[in-house]
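As a plain string of letters, each chain reads:
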Amino acid sequence: MDIVINISSGLCLFIGSFLCLCGGVGMLRFPDFYTRMHAAGVTDTLGSAMILIGLMIISTGFLVFIKLVMILLLGILIGPTTSHVLAKAALHNGLEPLLGHEEDPDTDNKETTS
Amino acid sequence: MIIAATLAIFVAMILAIIRGIAGPTLYDRILAVNMFGTKTVLLISLLGFVMGRPEFLDIAIVYALINFISVIGVLRYSDTNEFKHTPANKDSIEKEP
Amino acid sequence: MKDLFAVVMLLGIYGLLSASFFVAMDAVDVAFTEAAVGAGISTLLMLVVISMTGRREITTRHKPMSALLVVAITGFLLIYGTLDMPYFGSADAPIHGHVAPRYINDSMQEIGVPNIVTSVLASYRAFDTFGEVVVIFTAGIGVLALLSVVRRPEDPEEIAAINDSMHEQHLVIRIVAKILIPFILLFALYVQFHGDFGPGGGFQAGVIFAAAIILYTMLFGLSTARTVINQSFIRLIAAIGVLLYGSVGLATLLSGGNFFDYNVLVNDPIAGQHLGIMLIELGVGCTVAAVMIIIFFSFAARAEMQLNNKKQRQDKDKDKDNKNKEPSSC
């Protein structure tokens, strides 16, 4: 029983920290603000949920368990809300997203005319 | 395992700080500070378990709330003209005709 | 760095780093207070100020080289002066010799409160804490004297109209805030009364309470918040906190003991200590919450007034332009 608890907690902690590291790397590598917000928001919420579940499994007392549940609920409620508010404020103040380049239908015409 | 998770969260915090210093726009920096705050909540909870003092969870709850209120405050009070993006910034993103 | 906004962000991160240092040094109460005040309320107040003054720092003509030199020399002298002191945490430092063992050994029998920080702050050194509360109250009075704006009372219909027009724009965040604010208030109450057993106490609870009210004010507008929390009521609460604290001291004097000697409040000395600590923490919490709310309301009222003046000036300019264009069009 002990070993099952330790292994499942270790697995949850591993998944959570891996997600958080991915979020951190994504913050550095993504090209635009709105894409970085995907990295920060998604991995933050899910990573912290996994880490908190991993801690809940090995928690020592009832009060500690309840407090971890409260932090989890707070994190799930606050994380997506912050992303929404930040993106809305950025769009409202004029920051344009980086749009992809479509396949230009003009290139064939240019080659034939030049 | 908890110590490894603590180190991973610490590395993620450092990466967020790098983005916070180097972010070209203002909103990158706000995003970096918000991510730093969320990672701090996790770091405090993990440290509480590592050092065997579960009282740190109160600090974690308080800091999660304070982080949220600070980001809302920043966005609410940056609605003035000086924070708007001028058309000069937009030229670099326009498509080549 | 000329961008004041980035400076404020860095201040917030600095406050957070100090809180982490305190956590690493195992000082939980101090970390709690630093996280709430330093990383939260200070950043918010600075942001309100920056929204009023502008984002760029005016470039100074002279280089601050002489000031930097003076600071460097003073810092070096200070560090040189501390080299003589005993090492950090060594067992024969004076603070570890006389007072600390008395607190650590006798606090449980004399006061009966598990959290030694609370017992030192509220019972052994209650007079110092009284000074702190009076300082906070004075700061609130100072802000009121300098920054208070006399507002004409707004119609309820005007307030409701402003509220409805902004509702669509901020819909998601308003609903989430409505879910969160009762929870934050309840958590402030928990921290207030749990200060005997875990980290917490009056100061932290007051700051968290004020943070909830500040969140409400930021999202729903200052006029709505003023109808929720009356201006004179909050000033009364600030004064009542300090008065409560002082009355406990006076009650101990009148019952025959020293100033702030809680043993004489009730027949049983331990129960007297518990009652005394609870009452003064309540006083501290009331005053801190009320003063933070007063300071934020004053700043926000000033910011709004400045914004209204700017808008009125822009409208006047537009009217002038329209009047100038009319003769040419006809």
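It should be emphasised that the depicted structure is a prediction, and the values quoted were computed from it without experimental measurement. (Residues numbered from 1 in each chain as written. Chains lettered and ligands numbered in written order. Predicted model: local features only at pLDDT ≥ 70, side-chain atom pairs only at ≥ 80, totals over all residues.)

> Describe the nonpolar core, with residues and values.
B:I59, C:I208 and C:A211 are the most contacted members of the largest nonpolar core, which has 133 residues in total. Of the residues forming this core, the biggest block, 17 residues, is contributed by helix α3 (residues 56-77) of chain B. Shared between two domains, this core takes at least three residues from each, and those domains are domain 1 (1-56) and domain 2 (112-314) of chain C. (Core = buried A, V, L, I, M, F, W, Y, C linked by C-beta atoms within 7 Å. Buried ≥ 20, exposed ≤ 12 C-beta atoms within 10 Å, placed from the backbone. Helix = DSSP H or I, 4+ residues; strand = E, 2+ residues; numbered from the N terminus. Domains from an automatic or database assignment.)

> Kindly report on the interface of chain A and chain B, identifying the contributing residues and their values.
The interface of chain A with chain B comprises 39 residues on the first partner and 40 residues on the second. Only α1 (2-29), α2 (33-57) and α3 (62-92) of chain A provide two or more residues apiece to the side of chain A that touches chain B. Element by element, the count of residues in the side of chain A that touches chain B is highest for α3(A), at 13 residues. Classifying every residue of the side of chain A that touches chain B gives 23 nonpolar, twelve polar and four charged. (Contact = placed C-beta atoms within 7 Å. Nonpolar A, V, L, I, M, F, W, Y, C, P; charged D, E, K, R; others polar.)

> Before we move on, could you go through the confidence of the model for chain A and cite the residues and values that matter?
Residues and elements named next belong to chain A. Residues with a pLDDT of 70 or more make up 89% of chain A, whose mean pLDDT is 85. By mean pLDDT, the top-scoring element of chain A is α1 (92), and the lowest-scoring one is helix α4 (residues 106-113) (50). Scored below 50 in pLDDT, residues 110-114 shows zero contacts in the model against residues more than four places distant or in partner chains. (pLDDT = per-residue confidence, 0-100.)

> Quick one: what's the story with unusual backbone geometry, residue by residue and with numbers?
Of note, the phi angle at C:F260 is positive, near 65°, even though the residue is not glycine. Under the C-beta neighbour-count criterion, C:F260 is labelled buried, with 23 such atoms within 10 Å.

> Could you give an account of the packing of helix α7 (residues 126-147) of chain C against helix α12 (residues 231-254) of chain C, with specific residues and numbers?
Residues and elements named next belong to chain C. Interaxial distance between α7 and α12 falls to 10 Å at its minimum, and their mutual angle equals 160°. Considering their axes alone, α7 and α12 lie roughly antiparallel with respect to each other. At the point where α7 passes α12, the crossing takes the left-handed sense. Taken together, the residues of α12 that come into contact with α7 (itself represented by F130, V133, V134, F137 and G140) are A238, G241, V242 and Y245. By residue class, the composition of the contact of α7 with α12 is seven nonpolar, two polar and no charged. (Axes fitted to C-alpha atoms, helices over the stretch in contact; angles between N-to-C directions. Parallel < 35°, antiparallel > 145°, perpendicular 65-115°, else oblique. Left-handed = near helix turned anticlockwise from the far one by under 90°.)

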